[in-house]
Amino acid sequence: MADSGHNDAFVEFERVQKSYDGESLVVKDLNLTMPKGEFLTMLGPSGSGKTTCLMMLAGFETATHGDIRLDGVSINNIPPHKRGIGMVFQNYALFPHMTVAENLSFPLEVRKLGKSEREAKVKRALEMVQMGAFGGRRPAQLSGGQQQRIALARALVFEAELVLMDEPLGALDKQLREHMQFEIKRIADNLGITVVYVTHDQTEALTMSDRVAVFNDGRIQQLAPPDQLYEEPQNSFVAQFIGENNTLEGVVQEIRGDVCTVRLDDGEVIDAKPVNVTKAGERTRVSIRPERVEYNKDRLQEGAHTLKAEVLEFIYMGDIFRTRLRVAGNDEFIIKTRNAPDQTRLTPGQQIEIGWLPADCRALDAS
Ligand SMILES: Nc1ncnc2c1ncn2[C@@H]1O[C@H](COP(=O)(O)OP(=O)(O)OP(=O)(O)O)[C@@H](O)[C@H]1O
Ligand SMILES: [Mg+2]
């Protein structure tokens, strides 16, 4: 970790707040430090402040409070053309009267590059997004996905060190989106650029990012690498927002080190890991991932707690079985099991016992 300290803070938000109307804050307290070369995704529901943060970083909006720094320099002190920021907007806007090649050449003309250098860079950028043959067309003559690729190429063409992308793949069908996710990641890695990416698609966030910042209500709820975000959510919002999640509600009875007992609302008492609870008597939402629940007695690990459950629905999905249960009064309790040769298939109406390790069962806030 003990680097020069320089690259560790390429992009910094420090206690940033933003209000558009002078009254309500849409960004409440944003703190974020990104090293050079990182691919960071801002993920969150509509209206949570993602685009606002990107606009402040790009310099199209000013922060109401706090400081944003780029390579150690406060962004207010850097003229826009010296920021070296490429941007793909949420509603990608190519200049309609220009050809694709002219669209890409424009940011280079602004930076006063010569004609032959411009042509070489435009050609390379078009090849990067596999649009080499489309330089002469106008945006109206392209499909939505092709326009989006050109917008991406335009953000990359002047070799920006920092590229901001706001839902760049929102308009694409699933197959093209997945292809472009891979392409963007590959291009970013090859060029070594730093990317701030915005999406509300959690799969996209998990597969593309070095770290994900989960936004809600103008705040970062958790900032972590994808595996940590999924396996160790720090609060109920993140547990619910990322991946599939089961919740059981109850009251904390006792906290002892890294184990707590929770009395569920139906009276059952279980062990859990106290993550976002502080004292006995507090209401809690206990969170368990569907793939961490076991119903096969032989497969239950030592120390696993068991609960009675009724099978409500069994869905065969090929590689996995997805079964819906009633557990402690919750009819939406989902378990997922791998379709292994020795795995039993459950049938609706069956009474079973399920179990999990207390460490996989996280006691979070009840809010
Ligand atoms: N120019 C503006 N003037 C006033 N309010 C704005 C402006 N832009 C955004 N807002 C408000 O600020 C809040 C955050 O908006 P923002 O665009 O940052 O959300 P977002 O997370 O990008 O959402 P989405 O996923 O829908 O794009 C919203 O409540 C929005 O209505
Ligand atoms: Mg937005």
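Sequence positions are assigned chain by chain, starting from 1 and proceeding in written order. All chains are assigned letters beginning at A, and all ligands numbers beginning at 1, according to the order in which they are written. Given that this is a predicted model, residues contribute local features only at a pLDDT of at least 70 and side-chain atom pairs are listed and counted only at 80 or more, while totals for whole chains, interfaces and linings are drawn from all residues.

The name that an unreviewed UniProt entry assigns to the chain is Spermidine/putrescine import ATP-binding protein PotA, with the source organism given as Pseudoprimorskyibacter insulae. UniProt positions are given in the numbering used here, feature names are shortened, and annotations may be inferred rather than shown by experiment. Recorded under Subunit (unreviewed entry), the UniProt text for the chain is reproduced unchanged: "The complex is composed of two ATP-binding proteins (PotA), two transmembrane proteins (PotB and PotC) and a solute-binding protein (PotD)." Quoted verbatim from the Sequence similarities (unreviewed entry) field of UniProt, the annotation for the chain is "Belongs to the ABC transporter superfamily. Spermidine/putrescine importer (TC 3.A.1.11.1) family."

Trainee: How should the sheet that holds strand β15 (residues 305–316) be read in this particular structure?
Mentor: Sheets are built from strands paired through backbone hydrogen bonds, the pairs being either parallel or antiparallel. Across the sheet, 4 strands lie side by side as β17-β16-β15-β18; this open sheet has antiparallel pairing. Edge positions in the open sheet fall to β17 (330–338) and β18 (351–356), since each of these has one partner strand only. Between one strand and the next, the sheet's axes are offset by a mean angle of 50 degrees, whatever the strand orientation. Strands are treated as partners if at least two bridges between them are detected by DSSP. Per the convention used, a helix needs a DSSP run of H or I reaching at least four residues, while a strand needs a run of E reaching at least two, with both numbered from the N terminus. In this structure, β15 lies alongside strand β16 (residues 320–327), joined through 7 bridges in antiparallel fashion. Following the sheet pairing, Y316 is matched in β16 by F321. Note on geometry: axes are C-alpha line fits, over the in-contact stretch for helices, and angles between N-to-C directions span 0 to 180 degrees.

Trainee: Mind showing me how you'd approach the sheet that holds strand β10 (residues 219–224) here?
Mentor: With mixed pairing, 6 strands are arranged side by side in an open sheet as β6-β7-β8-β3-β9-β10. At either end of the open sheet lies a strand with only one pairing partner, and these are β6 (85–88) and β10. Neighbour to neighbour, the strand axes of the sheet diverge by 15 degrees on average, direction disregarded. Where strand β3 (residues 39–43) meets strand β8 (residues 194–199), 5 bridges bridge the pair, whose relative direction is parallel. The residue of β8 that forms the bridge with M42 is V198.

Trainee: Would you take a moment to explain helix α3 (residues 115–128) for this structure?
Mentor: Each turn of an α-helix holds 3.6 residues, which means side chains three or four residues apart point in the same direction. To estimate how far a helix should extend, the number of its residues minus one is multiplied by 1.5 Å. Taking 1.5 Å of rise per residue, the 14 residues of α3 would be expected to cover 20 Å, and the 20 Å separating its terminal C-alpha atoms lies within 8% of that figure. Every buried residue of α3 is listed here: R118, V122, A125 and L126. Looking straight down α3, one finds its buried side chains confined to an arc of 100 degrees; they lie on one side. Exposed residues pointing more than 90 degrees away from the buried face of α3 are listed as S116, E117, A120 and E127. Immediately beyond the C-terminal end of α3, within one or two residues, lies Q130, with a positive phi of roughly 55 degrees. Here the C-beta atoms are placed from the backbone, and a residue counts as buried if at least 20 other C-beta atoms lie within 10 Å of its own, exposed if 12 or fewer do, and partly exposed otherwise. Directions from the helix axis toward the C-beta atoms define the arc.

Trainee: What is the right way to read the site of ligand 1 from this model?
Mentor: In this entry, near means the residue's backbone-placed C-beta atom lies within 6 Å of the molecule or strand. The immediate surroundings of ligand 1 are formed by Y20, V26, G44, S46, G47, S48, G49, K50, T51, T52, Q90 and H200. All residues other than Ala, Val, Leu, Ile, Met, Phe, Trp, Tyr, Cys, Pro, Asp, Glu, Lys and Arg, Gly among them, are scored as polar; the first ten of these are nonpolar and the last four charged. A breakdown of the residues in the shell around ligand 1 according to their chemical character gives 2 nonpolar, 9 polar and 1 charged.

Trainee: Any chance you could explain unusual backbone geometry here in plain terms?
Mentor: Look at Q130: it is not a glycine, yet its phi comes out positive at around 55 degrees. Mapped onto the elements of the fold, Q130 is located in the loop between α3 and α4 (144–156). By the C-beta count within 10 Å, which is 14 here, Q130 ends up partly exposed. We note that A328 has phi near 50 degrees; this positive angle belongs to a residue other than glycine. Looking at where A328 falls in the secondary structure, it is placed in the loop between β16 and β17. A count of 19 C-beta atoms within 10 Å places A328 in the partly exposed class.

Trainee: Would you mind showing me how to read the environment of V73 here?
Mentor: Looking at where V73 falls in the secondary structure, it is placed in strand β5 (residues 73–74). Looking at V73, the number of C-beta atoms within 10 Å reads 12, which means it is exposed. Here the alpha-carbon distance between V73 and D342, two residues 269 residues apart in the chain, equals 60 Å.

Trainee: What is the right way to look at the pairing of β10 in this model?
Mentor: Along a regular strand, successive side chains alternate from one face of the sheet to the other. Sheet topology note: the strand β9 (residues 211–216)/β10 ladder contains 5 bridges and is antiparallel. Along β10, the bridge assignment pairs F215 with I220. Where β9 folds back onto β10 in an antiparallel hairpin, the turn is made up of 2 residues, including D217, whose phi is positive at roughly 55 degrees.

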